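# Coordinates in review
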Amino acid sequence: MDVDTRLLRSFVAVAEEGTLTRAAERLFVSQPALTKQVKQLETQLGVRLFTRSRTGMALTAAGRALAERVPALLADWDRAARETKGAASEAGRVLRVGFLASAANEATPRIIAEFTRRRPGWRVDMRQATWSHPSAGLTEGDVDVALLRLPFPGQDALRTAVLFTEPRWVALPEGHPLAERDVIRFRDLWDEPFVAAPQETDWWRDLWLAADEREGRPVRIGAVTDQPDAWLSAIANGYGVALAPASAARFYARPGVVYRPVTGVSPSQVGVAWARDSGPVVQDFVRCCLDRPWSAEATD
């Protein structure tokens, strides 16, 4: 029987947290999506893993048996995947760096240049991940290190460091009435339709909708897009507005779209992430990221 490791990770989160609500928050996914994943695993195994109670989700006897085995199984699989792919990467003297959106902004070329100075003969292979892969391929072993937005699902199993924090702005159609303002309150955007990432991106979608910073007000979705070009076109065509990092005004400038600062919404953090058992080459890249004025201390 083949079981998706994503379902096992969801199971472990519910088993450890004891409630769907806390597990969904830990995984940065919606509660309905998490419920669906647990039911899918139960269907595949043909057993009931949880019973609902007034205090949350209680493991059945079958669930307890699975919970005793799965964490070690996942850890072994993650380690094996990293070591296998990492060995091929090291043999070719290529460091695979995953990233989301604009990576570390203007700092990215300087980080790469410093790394190649420290490691002559090595090449950096930048691999952009989709919004549905929050670790940019790191947890799957597809990359050796990643530049991405923090926090993200599965972060606790890795090492991370904040490189810098930037405010979230709003992207608006050029003719939008709010575009006349120099600064816009997030509260004034609550009733606007938003251009959102697909539902399956879960945490990324909620992050850029600021779903937990609306005081319970529901989000209006004007359009759904899965790539930057379509996202910009939807905004320019008036289907909605969207939150974005302040750097988007530089990296994603285009006619018909304007960017304005927003107050009343939390900023976004850009960080570097790497496996706890990473070797010296990855450690060198991390040091290149941290030996910069924008960097913060690494955290476990």
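Scope of this entry: the structure provided in the associated data block. Everything numeric in this text was worked out from a predicted model, so none of it was measured.

What follows is about the overall build of the protein. Helix and strand counts for the protein stand at nine helices and 14 strands. A compact globule built from 300 residues would reach a C-alpha radius of gyration of about 19 Å, and the protein, at 21 Å, matches this within 12%. Along the first, second and third principal axes, the C-alpha atoms of the protein reach 60 × 55 × 30 Å. Scored against the burial criterion, the 300 residues of the protein give a buried share of 48%. Looking at the protein alone, contacts between residues at least 24 apart form 73% of all its contacts between residues at least 6 apart. Summed over its atoms, the accessible surface of the protein is roughly 14,900 Å², and 51% of this surface lies on carbon and sulfur atoms. Averaging the coordinates of the 38 positive side-chain charges in the protein and doing the same for the 38 negative ones gives two points 1 Å apart.

The next subject is the packing of aromatic side chains. For the coordinates displayed, the defined rule picks out five aromatic pairs. Measuring from centroid to centroid gives 5.5 Å for Phe11 and Phe50, while their planes differ by 50°, and the two rings are tilted. Of the two residues, Phe11 is situated in helix 1 (residues 5–17) and Phe50 in strand 1 (residues 50–53); the sequence distance between them amounts to 39 residues. Taking the centre distance of 6.3 Å and the plane angle of 85° together, the rings of Phe186 and Trp190 count as edge-to-face. On the accessibility criterion, Phe186 (1% relative accessible area) is buried. What links up through ring pairs into an aromatic cluster is the set Trp203, Trp204 and Trp208. Sitting above the plane of the Trp208 ring, Arg168 keeps its charged end 5.7 Å from the centroid. Above the face of the Phe194 ring, Arg214 is positioned so that its terminal group lies 4.6 Å from the ring centre.

To continue, consider the pattern of salt bridges. Where charged atoms from two side chains of opposite charge approach closely, those side chains can pair. Per the stated rule, a full pass over the model turns up 16 salt bridges. Between Arg117 and Glu114 there is a salt bridge, and its shortest N-O distance comes to 2.7 Å. Here Glu114 and Arg117 lie together in helix 5 (residues 107–118), a separation of three residues that amounts to about one turn. Judged by its relative accessible area of 56%, Arg117 falls in the exposed class. One salt bridge in this structure joins Arg181 and Asp188, with 2.7 Å as the shortest N-O distance. Note on Asp188: relative accessible area 24%, which makes it partly exposed. Each of Glu114, Arg117, Arg118 and Asp291 takes part in one network of salt bridges that share partners.

Time to look at unusual backbone geometry. If a residue is not glycine, its phi is most likely negative; likewise, a peptide bond is most likely trans. The peptide bond linking Leu150 to Pro151 adopts the cis configuration, its omega dihedral lying at -5°. Phi at Asn105 is positive, roughly 55°, even though this residue is not glycine. Inspection of the secondary structure assignment puts Asn105 in the loop between strand 3 (94–99) and helix 5. Although it is not a glycine, Glu215 sits at a positive phi angle of roughly 55°.

Contact geometry for helix 5 and helix 9 (residues 280–290): axes closest at 9 Å, N-to-C directions at 135°. Judged by the angle between their axes, helix 5 and helix 9 are oblique. Pair helix 5 / helix 9 crosses with right-handed handedness. Contacts from Ile111, Glu114, Phe115 and Arg118 of helix 5 reach helix 9 at Val281, Asp284, Phe285, Arg287, Cys288 and Cys289. Of the residues in the contact of helix 5 with helix 9, the class split is six nonpolar, no polar and four charged.

Right, let's get into the nonpolar core. What tends to happen in soluble globular proteins is that the nonpolar side chains get buried as a cluster. By size, the foremost hydrophobic cluster in this structure holds 34 residues, and its most contacted members are Leu148, Val170, Leu172, Phe186, Leu189 and Leu243. Looking at this core, the elements with two or more residues in it are strand 5 (145–150), strand 7 (168–173), strand 9 (193–196), helix 6 (203–209) and strand 12 (257–263). The element best represented in this core is helix 6, accounting for four residues. Apart from the residues within four sequence positions on either side, Leu243 is in contact with Arg168, Trp169, Val170, Phe186, Phe194, Trp208, Leu209, Ala210, Trp231, Val262 and Val265. Leu95, Val97, Ile111 and Leu163 belong to the second-largest nonpolar core, a separate cluster that totals 24 residues.

Our focus in this paragraph is the environment of Phe99. Along the chain, the position of Phe99 falls in strand 3. Judged by relative accessible area, which is 14%, Phe99 ranks as buried. In this structure, Phe99 is in contact with Met126, Arg127, Gln128, Ala129, Ala136 and Leu147, ignoring residues within four places of it in sequence.

This part is about the side chain of Asp144. Here Asp144 is to be found in the loop between strand 4 (123–128) and strand 5. What makes Asp144 buried here is its relative accessible area of 12%.

Turning to helix 7 (residues 228–236), its buried residues are Trp231, Leu232, Ala234 and Ile235. Projection of helix 7 onto a plane perpendicular to its axis shows the buried side chains occupying an angular sector of 160°, all on one side. Looking at the buried positions of helix 7, the neighbouring elements they touch are strand 7, strand 9, strand 10 (220–224), strand 11 (242–245) and strand 12. Backbone geometry just downstream of helix 7 places Gly238 in the positive-phi region, at approximately 85°.

Conventions used here
Residues numbered from 1 in each chain as written. Predicted model: local features only at pLDDT ≥ 70, side-chain atom pairs only at ≥ 80, totals over all residues. Heavy atoms only, no water. Helix = DSSP H or I, 4+ residues; strand = E, 2+ residues; numbered from the N terminus. Rg over C-alpha atoms; globule rule 2.2 N^0.38 Å. Buried < 20%, exposed > 50% of the residue type's maximum accessible area, 1.4 Å probe, protein only. Contact = heavy atoms within 4.5 Å. Areas by Shrake-Rupley, 256 points an atom, 1.4 Å probe, with all protein chains shown as cover. Lys, Arg positive; Asp, Glu negative; His and termini not counted. Charge placed at Lys NZ, Arg CZ, Asp CG, Glu CD. Phe/Tyr/Trp six-rings, centres within 6.5 Å; stacked < 30°, edge-to-face > 60°. Lys NZ or Arg CZ within 6 Å of the ring centre and 35° of its normal. Salt bridge = Lys/Arg side-chain N within 4 Å of Asp/Glu carboxyl O. Axes fitted to C-alpha atoms, helices over the stretch in contact; angles between N-to-C directions. Parallel < 35°, antiparallel > 145°, perpendicular 65-115°, else oblique. Left-handed = near helix turned anticlockwise from the far one by under 90°. Nonpolar A, V, L, I, M, F, W, Y, C, P; charged D, E, K, R; others polar. Core = buried A, V, L, I, M, F, W, Y, C linked by side-chain atoms within 4.5 Å. Arc of directions from axis to C-beta.

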